[in-house]
Amino acid sequence: MMIRSLPLPPTDTDVDGWLAVLAAAGAADLPHLPPPSRVEVGGRLCVAPARGRAALWAADGDGDGGEGTVDGVAGLLLFTDEANRHTAYLDVLAVRPEARRRGVGRALWQRVREELLAQGRTSVATTVDLGGPGQAFAESLGFENVLPMAWYVQEVTEQPAEEPTTPGYELRAWHGLVDDDWAAAVAHAHGAMDDAPMGDVDQEIEAWTPERLHAAHQLILDRGGELTTVAAVTEAGEVAAYTELVLPDPDGARALQYDTVVVPAHRGHGLGRAVKRRMLALAAQQIATTVADENTPMRAVNEALGYRRERGTAYFQVKL
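Residues numbered from 1 in each chain as written. Predicted model: local features only at pLDDT ≥ 70, side-chain atom pairs only at ≥ 80, totals over all residues. Heavy atoms only, no water.

Q: Lay out the overall build of the protein with the relevant residues and their values.
A: The secondary structure content of the protein amounts to 8 helices and 12 strands. Against the compact-globule benchmark of 20 Å for 320 residues, the protein has a radius of gyration of 20 Å, which places it among compact chains. A principal-axis box enclosing the C-alpha atoms of the protein has dimensions of 65 × 40 × 35 Å. Classification of the 320 residues of the protein by burial places 49% in the buried group. For the protein, restricting intrachain contacts to residue pairs at least 6 apart in sequence, the fraction spanning at least 24 positions comes to 73%. (Helix = DSSP H or I, 4+ residues; strand = E, 2+ residues; numbered from the N terminus. Rg over C-alpha atoms; globule rule 2.2 N^0.38 Å. Buried < 20%, exposed > 50% of the residue type's maximum accessible area, 1.4 Å probe, protein only. Contact = heavy atoms within 4.5 Å.)

Q: Give a description of the nonpolar core that names residues and reports values.
A: Ranked by internal contacts, the top residues of the largest apolar core, which has 25 residues, are Trp57, Leu76, Trp109, Val112, Leu116, Val124 and Phe143. Going through the elements one at a time, strand 2 (52–60), strand 3 (70–79), strand 4 (88–95), helix 3 (104–118), strand 5 (123–129) and strand 12 (308–319) are the ones with two or more residues in this core. It is helix 3 that provides the largest number of residues to this core, a total of 6 residues. Ignoring anything within four residues of it in the chain, the contact list for Leu76 reads Arg53, Ala54, Ala55, Trp57, Ala88, Tyr89, Leu90, Val112, Glu115, Leu116 and Val124. Membership of the second largest hydrophobic core comes to 24 residues, among which are Tyr152, Tyr169, Met279 and Ala283. (Core = buried A, V, L, I, M, F, W, Y, C linked by side-chain atoms within 4.5 Å.)

Q: How would you summarise the pairing of strand 6 (residues 144–155) if you had to cite specific residues and measurements?
A: Pairing of strand 6 with strand 12 involves 9 bridges; the strand directions are antiparallel. From the neighbouring strand, Pro148 faces strand 12, where its bridge partner is Ala314. Both strand 6 and strand 11 (residues 286–292) contribute to a ladder of 7 bridges, which runs antiparallel. Looking at strand 11, one finds that Trp151 is bridged to Thr290. (Pairing = 2+ DSSP bridges.)

Q: Residues and numbers for the sheet that holds strand 7 (residues 169–175), please.
A: The strand order 1-2-3-4-5-12-6-11-10-9-8-7 describes an open sheet built from 12 strands, whose pairing is mixed. Two strands lie at the open edges of the sheet, namely strand 1 (2–5) and strand 7, each paired on one side alone. In this sheet, neighbouring strand axes are inclined to one another by 25° on average, regardless of whether the strands run parallel or antiparallel. Across 8 bridges, strand 8 (residues 226–234) lies against strand 9 (residues 239–247) in antiparallel orientation. Residue pairing in the sheet places Thr229 in a bridge with Glu244 of strand 9. (Axes fitted to C-alpha atoms, helices over the stretch in contact; angles between N-to-C directions.)

Q: How would you sum up unusual backbone geometry? Please name residues and give values.
A: Of the consecutive residues Leu8 and Pro9, the connecting peptide bond is found in the cis state with omega at 0°. Note that Pro9 resides in the loop between strand 1 and helix 1 (12–29). Phi is positive for Arg101, which is not a glycine, with a value near 65°. On the secondary structure map, Arg101 appears in the loop between strand 4 and helix 3. Under the relative-accessibility criterion, Arg101 is labelled exposed at 88%.

Q: Explain the side chain of His217 to me, and be specific about the residues and the numbers.
A: Secondary-structure assignment places His217 in helix 6 (residues 210–222). Take His217: its relative accessible area is 3%, and that puts it in the buried class. Beyond its immediate stretch of four places on either side in the chain, His217 contacts Leu177, Val178, Leu227, Thr229 and Glu244.

Q: Just give me the short version of the pattern of salt bridges, but keep the residues and values in it.
A: Per the stated rule, a full pass over the model turns up 15 salt bridges. A salt bridge links Arg4 to Asp14; the nearest nitrogen and oxygen atoms lie 3.1 Å apart. One end of the pair, Arg4, is in strand 1; the other, Asp14, is in helix 1, and 10 residues separate them in sequence. Residues Glu82 and Arg85 are paired through a salt bridge, measuring 3.2 Å at the closest nitrogen-oxygen approach. For Glu82, a relative accessible area of 65% translates into the label exposed. Residue Arg85 is classed as partly exposed on the basis of its relative accessible area, which comes to 39%. Counted as one network, the salt bridges with shared partners bring together Asp129, Arg254, Glu310 and Arg311. (Salt bridge = Lys/Arg side-chain N within 4 Å of Asp/Glu carboxyl O.)

Q: Describe the side chain of Asn84, and please don't skip the residues or the numbers.
A: Along the polypeptide, Asn84 turns up in the loop between strand 3 and strand 4. In this structure Asn84 comes out as buried when scored by relative accessible area, which is 0%. With near-sequence residues (within four places) excluded, Asn84 lies in contact with Arg51, Phe79, Arg121, Gln203 and Glu204.

Function cannot be inferred from these measures alone, as they are strictly geometric.
Set out below in structure tokens:
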């Protein structure tokens, strides 16, 4: 077994090997989920992240899976904003089912850990599905559950009735980038996420600016995805609430609902439900989202809209 660092961006052969590992691992561990697509995987590997620096590794197989088989992969995001230079996010660590229990995962983790220490990082977090092999492996490395969450899904089979418009608010939708005239207001509203549950995650929230908002949204588009933002706005030009719908692969079977935010001064008017319902009217497939277990208000909104709990997940973190 050889662990090698991948070039940035990786070659087409490296992307194919990475996709094969994720597809095999997903089929074994989460068979009810749609398989990863090359558009999504290739986009994430080949387009540099907006808020950090990527590092990628592959574990080449010993030939039992066929010539050129990759047994495992690992991807690390090293944050570059000043407030989070002490930490990082382990985006992927996956091993083909046939290659497990041979030390592949630990060898990949060792390379990740060496990089973290070389870059002066004192902690790293990752997202783990609860109850599966990923949790047992993470805990064996010293990771601890610092923010319990769950995936919720909804099948959009018919267009929902639109939420009555709350007096004083208007619903707007932007496909792709938010209009320049509204970017500052959406970025300001994003700051309301500061009070979202974060558990004991060792990460500082970076301030949102129009530039950061556009960079984050442009990254989705550059990686081959599609993005729609739905907002409730006031006559004074404020964004009181918004939600984001992302198709990592426009031809994929599952959309992701990213952040949903209601600014504190505008809570209690049903705006979270209103923007989500309008978002559902723009969707035509399965939608998935994560919500922290302690975020009771958002869980209630999702339940009212027909989301069902799919599986438990959590942020796991280890101090180095």
